[in-house]
Amino acid sequence: MSTEDRPPAPRSLAEALRARGDAALGALLRSRPDLITPVPTDLTQLATRAGTRASVVRALERLDRFALQTAEALAVAADPATYGEVLGLMAGDDADPAVVAALPHALDLLREQALVWGDDDRLRLVRTARELLAPSPQHPSPTGLGPTVREATAGMSPGRIQEIVTTAGLASTHDSVSAVDALTGLFTDRARMAALLAEAPADSLDVLERLVWGPPYGQVTADPAPRLRWLLDRGLLLPTAPGTVVLPREVALHLRRGLAHRAPEPVPPVVEATAVHRPQVVDSTAAGQAYTALATVEELLKDWDEGGPAVLRAGGLSVRDLKRTAVALDVPEPTAAFWVELAYAAGLLASDGEADERYAATPAYDEWLEQPAAERWSVLVTAWLAATRTAGLVGGRDAKDRTLSALGPGLDRSAAPEVRHRVLALLAGLPEGAAPVTGSVLARLRWERPLRGDRREDDLRGRLAEWALSEAELLGVTGRGALSSQGRALLGAPAATAATRSPEAEPSGPGDKLPVHHHRSAPPAALSPAEQAVASAAAARLLAPMLPEPLDHVLLQADLTAVAPGPLKRPLADMLGVLADVESKGGATVYRFTPGSVRRALDAGQAASDLHAFLAAHSRTPVPQPLAYLIDDVARRHGQLRVGAASAYVRCDDDAMLSEILADKRAAGLGLRRLAPTVLAARTDPAGLLEGLRAMGFAPAAESAEGDVLITRALAHRTPPRAAPEPVPDGPPVPDDTLLSAALRAIRAGDLASTTPRKSGAAPVANGELPRTGAAETLATMQAAVLTGEALWIGFVNAEGAASQRVIAPIRVEGGFVTAYDHTADEVRTFPLHRITGVAELADDAG
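**Thoughts on the nonpolar core**
Right, so step 1: L17, L74, F187, L236 and L237 are the most contacted members of the largest nonpolar core, which has 88 residues in total.
Right, so step 2: When residues of this core are assigned to their parent elements, the largest contribution, eight residues, is made by helix α5 (residues 65–76).
Right, so step 3: In this structure, L17 is in contact with L25, L28, L43, L46, A47, A114 and R748, ignoring residues within four places of it in sequence.
Right, so step 4: Membership of the second largest hydrophobic core comes to 76 residues, among which are Y291, A337, A346 and L407.

Have a look at this one:
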């Protein structure tokens with residue numbers, strides 16, 4: 001393209017945006033959704049918003065390390081800079097080929113993000129980004145570079161500048177500006193600088209070596225040592241404040257061989273694979289862990305079935321209740337916190353909202369229990385992927401040094417869902433069955449979202465990634481550290497079949513290591529809620545055949561135990577949970593029958609004959625005689641004593657038994673006295689009396705006011721219907737296609753209204769100001785435009801008081817309204833004339 005045919009270079013970011021097509025503008029709005037919240041009126045307002053500090057900081061934080069390094073190099077380059085200058089700062093004198101290859105893409109990314117604008121011969125970093133990234137004494141640059149010679153000598157006396165110039169071997173000049181230019185020319189000339197430094201004492205060069213990679217500032221005394229004096233006299237060190245000197249940027253770049261960064265990182269770190277397993281082993285291990293996850297959540301909520309722990313005044317679980325929950329689940333406290341938070345995120349657990357507020361299962365939990373196991377797992381992992389509540393923070397401290405408690409406030413971290421998805425995507429990029437080296441995953445994430453400034457001390461993304469890896473293993477998304485087939489399906493990625501698995505990937509043993517994995521595929525795009533639901537359903541279908549089928553039998557043993565060789569069907573498990581106590585869990589669950597557990601079943605309304613029939617029907621082995629004797633013995637004594645409300649009383653047809661109770665020293669605290677040969681009264685309440693008598697070895701039964709035995713079947717306590725907690729978004733949501741196209745139309749139309757040329761005779765209007773004309777002139781101009789078919793530029797204030805500029809083509813004017821084709825809305829609309837602030841005719845060539 002000839003110089004005459006080349007479009008003029010943009011003079012501002014707004015002009016650069018105006019030259020973009022809809023696809024490029026849409027890509028900007030998708031990557032920086034805060035720019036259309038609310039929708040800007042035109043491209044000038046969009047450019048202004050893109051340059052605000054909050055928006056620029058957010059955009060910089062979402063750059064990868066090399067793109068951020070490129071922006072940092074632009075901040076220390078001339079403004080504007082050429083592509084060659086930026087390449088020199090990034091690739092150095094040796095022109096690193098990896099940097100040369102990656103730089104065009106990094107600059108394209110910065111342009112797409114509206115952080116850089118201009119052609120390759122005039123690259124400009126957005127002013128706010130330059131202010132954030134440029135070096136200053138208060139905010140050192142990540143490059144480690146200091147100010148330029150011109151910046152460092154700004155307050156220096158002309159005489160001192162001339163002394164430095166002549167000592168450096170340059171001719172004196174008539175003014176300070178030319179002297180500074182001459183010194184800058186010396187420091188940027190590689191040959192002359194090499195000659196100057198060749199004359200420097202060795203200890204002076206040692207001083208430069210200590211400052212070259214930053215920080216570039218040093219301290220000197222009022223009488224500097226000779227090695228420092230030599231540098232100060234030649235401007236290789238320049239004073240910035242009393243007792244402080246700085247290494248000028250040009251000198252540092254010469255010593256660095258042109259590099260702005262000590263170690264440019266154009267290529268992301270590779271995720272290394274360590275121990276590798278057969279994919280079938282990974283899937284079966286993950287499936288076993290998935291079933292354990294379901295059993296753990298069920299056990300947690302079953303333990304809280306009659307009402308869980310109390311809610312702290314500030315919200316959340318107390319430390320004591322978390323410890324108690326960890327003991328009940330037989331897991332460490334951090335793991336217990338994860339299961340509690342997961343049940344809460346899935347909407348299965350909530351506060352009941354009563355005066356004595358406690359945690360309990362929600363009605364959704366009962367619906368969840370009725371679903372097949374694979375679908376229940378899908379509910380849990382879908383909630384986990386989207387949750388911003390972060391269980392790993394439990395036990396830590398918030399900004400006010402308060403302890404963060406499970407289910408309490410302050411646990412939301414908006415970056416958590418993105419990190420979880422990204423960690424799983426990195427695992428999906430490895431060969432099937434390969435587990436990653438954790439350190440390489442963290443290094444990759446730090447490259448993709450580098451830490452800046454003080455945030456280096458708080459690597460939240462790193463901690464989120466470590467938690468994601470361990471939580472994925474607990475849920476069965478991974479098995480033995482490798483992503484399972486159902487884990488790949490969760491990401492929307494197709495699971496590999498046995499036919500597509502490479503035989504070279506099969507290890508000879510579980511400890512074998514894979515070579516470093518160099519495959520670099522683009523990360524999968526984030527799924528919409530509807531797409532995620534489809535992916536989760538596909539994952540559940542993959543998992544379902546690998547889950548164990550529930551059993552309808554147990555193995556009774558002579559030592560008063562029952563062994564469940566696998567998961568039990570729900571009615572059997574529920575009944576056995578009442579009749580016996582769980583002694584151990586694992587691949588097989590061991591239940592133990594005790595007098596207390598049998599009494600519990602009798603209290604729930606079962607008769608001895610019912611228990612015998614239940615065990616005979618569900619045992620693959622004969623009912624052992626000791627177990628039958630235990631049931632009959634407890635049943636024979638069950639209900640002999642009856643406890644009711646007087647405040648409380650005990651009655652029994654056997655007066656000898658009542659005499660035995662009165663004579664027992666353990667009954668002293670119950671406050672018993674005989675009212676009749678078969679009745680004792682007590683000062684305690686019925687519940688306390690029941691517990692006291694049971695502690696003495698008796699088997700009393702509660703009775704109603706009518707004298708009937710009360711069945712003490714535990715009633716499940718449920719909260720009112722509760723919605724699962726909404727994840728805290730990480731900024732404005734990414735606009736969908738409908739919103740994006742509408743926003744683009746509005747911005748384009750508003751830009752047309754604000755930039756369309758007016759006729760030369762029209763009253764001048766300041767940028768962004770609405771046209772102002774009288775009501776009679778507005779009406780006359782509208783009527784004339786109807787006859788001529790011309791377009792007009794108007795100012796309009798809607799019913800909410802929002803003002804805008806529009807370009808319209810009037811069709812008719814009647815009844816105080818004008819009907820016109822509105823280029824802003826791309827439709828025919830009717831405008832009340834009294835809401836039009838003014839009108840102006842467009843220039844004849846404003847096509």
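From this point, the discussion proceeds with the structure in view.
**Brief notes about unusual backbone geometry**
Right, so step 1: Across the junction of T37 and P38, the peptide omega takes the value 0 degrees, indicating a cis bond.
Right, so step 2: Topologically, P38 is positioned in the loop between α2 (22–31) and α3 (43–50).
Right, so step 3: Backbone torsion omega between D79 and P80 reads 0 degrees, so that peptide bond is classified as cis.
Right, so step 4: You can see P80 is positioned in the loop between α5 and α6 (83–91).
Right, so step 5: At A114, a residue that is not glycine, the phi angle is positive and equals roughly 60 degrees.

**Comments concerning the sheet that holds strand β15 (residues 589–592)**
Right, so step 1: Strand order across the open sheet formed by four strands is β12-β13-β15-β14, with antiparallel pairing between neighbours. Since the sheet does not close on itself, it has two edges, and those belong to β12 (555–557) and β14 (581–584), each with one partner. Taken over all neighbouring pairs, the strand axes of this sheet differ in orientation by 30 degrees on average, direction set aside.

**Points about the sheet that holds strand β4 (residues 238–241)**
Right, so step 1: What the three strands build is an open sheet, ordered β3-β5-β4; its pairing is antiparallel. With one partner strand each, in any of the chains shown, β3 (217–219) and β4 form the two edges of the open sheet. In this sheet, adjacent strand axes meet at a mean angle of 40 degrees when their direction is disregarded.
Right, so step 2: When β3 meets strand β5 (residues 244–246), the two strands line up antiparallel, connected through three bridges. By the bridge assignment, G218 is partnered in β5 with V245.

What counts and what doesn't
- Residues numbered from 1 in each chain as written.
- Predicted model: local features only at pLDDT ≥ 70, side-chain atom pairs only at ≥ 80, totals over all residues.
- Heavy atoms only, no water.
- Core = buried A, V, L, I, M, F, W, Y, C linked by side-chain atoms within 4.5 Å.
- Buried < 20%, exposed > 50% of the residue type's maximum accessible area, 1.4 Å probe, protein only.
- Helix = DSSP H or I, 4+ residues; strand = E, 2+ residues; numbered from the N terminus.
- Contact = heavy atoms within 4.5 Å.
- Pairing = 2+ DSSP bridges.
- Axes fitted to C-alpha atoms, helices over the stretch in contact; angles between N-to-C directions.

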